[in-house]
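Spelled out, the chains give:
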Amino acid sequence: MSHVESGRHKPAEDFARRSEETLNAGKAVWKRWLDYEAAKNRAAPAAAPPPPRRPEQPYATGSLIIVAHDGARLDFDGSQYRLTMRRLLRNTGSEPITRYLIRISVDRYPGEPERSNAHYREHPLTWDELALTATCRGEAMNWQTKHDRDAFKEVWLLFENEQGRFPLYPGEEVWIEYAYSVGEEKWGRWFQRAVRLPTEHLEVELVFPADLDPAVWGMETSMTSEAAPLRTAPIRRDEEGMRLFSWSTSTPALHARYRLEWRFRARPERDTTQGEFR
């Protein structure tokens, strides 16, 4: 992204598609790329396309991660969201894995990129408010920032801390857990899971105060199909003043996306606030 922004590399179609998906930019990146291509063709219609670039390999050569279980629980207390992610990772490659990439992205006004960008310039996500924590085998995991933008963060969770290292060796599997918080004014009312690694089981649980009278629905999309309703409905139950909605799927397709949306019928005047987290 920084190479394209600085003009060192020309944006390719694959770059535009990946950026659009990762940033959930409401088609703004894609439309800008189409404008760029049209202008380029007018200026030099016979120019040869640039050679394809190798995609970034985030993990060591010879490593391959499979997510045996991916579980997300989103708790809302009426003003703040707390997301807890639990993943069972399996190393099916030939090299030890020493880090794991996670993403946090928000978009309060989907389809209105200029409005969202202005909002996050004025109210950016901060590390203090996120209060990110991560553990593995009962050990705290150190972490390093890869990208730090107003509405988008990428973080390497490291299989190490001040007391030692605990890499994930070939043939091993291990549970990791991480969690972070965001206020309602930045999160909003939808939560999306994107399948970026081969995944055997995916589940999501949403927990809201029952007195807000929440209603939940979901959509599924992929690189080859339009958005469609989830094939199974979220299951609802009430428990100690909270309303829980759970949904799961087995062997989700790579690059598939599952979005759960909600509204609080007891607070209809706030239904226009929206956002996204991964």
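All values reported here derive from a predicted model rather than from experimental measurement.

**Q** Can you explain the environment of N161? Please cite residues and give values.
**A** On the secondary structure map, N161 appears in strand β8 (residues 160-161). Sequence separation of N161 and N142 is 19 residues, and the distance between their C-alpha atoms is 5.2 Å. Not counting chain neighbours up to four residues away, the residues in contact with N161 comprise E139, A140, N142 and F166. Within the structure, the side chain of N161 is placed 2.8 Å from the backbone nitrogen of Q163, a separation counted as a polar contact.

**Q** Tell me about unusual backbone geometry, residues and numbers included.
**A** The backbone of D213 sits at a positive phi, close to 50°, despite the residue not being glycine. Residue placement: D213 occurs in the loop between β12 (201-209) and β13 (214-222). Even without a glycine there, the phi angle at E240 is positive, about 50°. Among the structural elements, E240 can be located in the loop between β15 (235-239) and β16 (242-250).

**Q** Before we move on, could you go through the pattern of salt bridges and cite the residues and values that matter?
**A** Tallied over the full model, the rule gives 22 salt bridges. Note that E205 is salt-bridged to R73, the shortest N-O span being 3.0 Å. Pair noted here: E205 is in strand β12 and R73 is in strand β1 (residues 65-76), with a separation of 132 residues, a long-range link. Across the salt bridge formed by K153 and D148, the nearest N and O atoms sit 2.3 Å from each other. Among the charged side chains, a salt-bridge network with shared partners connects R73, D75, E205, R237 and E239.

**Q** Describe in detail the environment of A151, supporting the description with residues and values.
**A** Relative to the helices and strands, A151 is located in the loop between β6 (143-148) and β7 (152-158). In sequence terms A151 and P124 are 27 residues apart; their C-alpha atoms lie 6.2 Å from each other. Leave out the neighbours within four places in its chain, and A151 touches I104, S105, V106, Y120 and L125.

**Q** Quick one: what's the story with the sheet that holds strand β11 (residues 190-194), residue by residue and with numbers?
**A** The strand order β11-β17-β13-β14 describes an open sheet built from four strands, whose pairing is antiparallel. The sheet is open, and its two borders are formed by β11 and β14 (225-229), each paired with just one other strand. When strand polarity is set aside, the average angle formed by the axes of neighbouring strands in this sheet is 20°. Bridge analysis of β11 against strand β17 (residues 257-264) gives five bridges, and the strand direction is antiparallel. Across the sheet, the residue bridging to W190 is E261, located in β17.

**Q** Got a sec to walk through helix α4 (residues 113-122)? Specific residues and values, please.
**A** Taken as a whole, α4 has its buried residues at S116, H119 and Y120. Looking straight down α4, one finds its buried side chains confined to an arc of 90°; they lie on one side. Within α4, the exposed residues directed more than 90 degrees away from the buried face are E114, R121 and E122. Against α6 (184-187) lie the buried residues of α4.

The rules we used
- Residues numbered from 1 in each chain as written.
- Predicted model: local features only at pLDDT ≥ 70, side-chain atom pairs only at ≥ 80, totals over all residues.
- Heavy atoms only, no water.
- Helix = DSSP H or I, 4+ residues; strand = E, 2+ residues; numbered from the N terminus.
- Contact = heavy atoms within 4.5 Å.
- Polar contact = N/O pair within 3.5 Å; in protein donor to acceptor, adjacent residues only side chain to side chain.
- Salt bridge = Lys/Arg side-chain N within 4 Å of Asp/Glu carboxyl O.
- Pairing = 2+ DSSP bridges.
- Axes fitted to C-alpha atoms, helices over the stretch in contact; angles between N-to-C directions.
- Buried < 20%, exposed > 50% of the residue type's maximum accessible area, 1.4 Å probe, protein only.
- Arc of directions from axis to C-beta.

It is worth stressing that arrangement in space is one thing and function is another; only the former is reported here.
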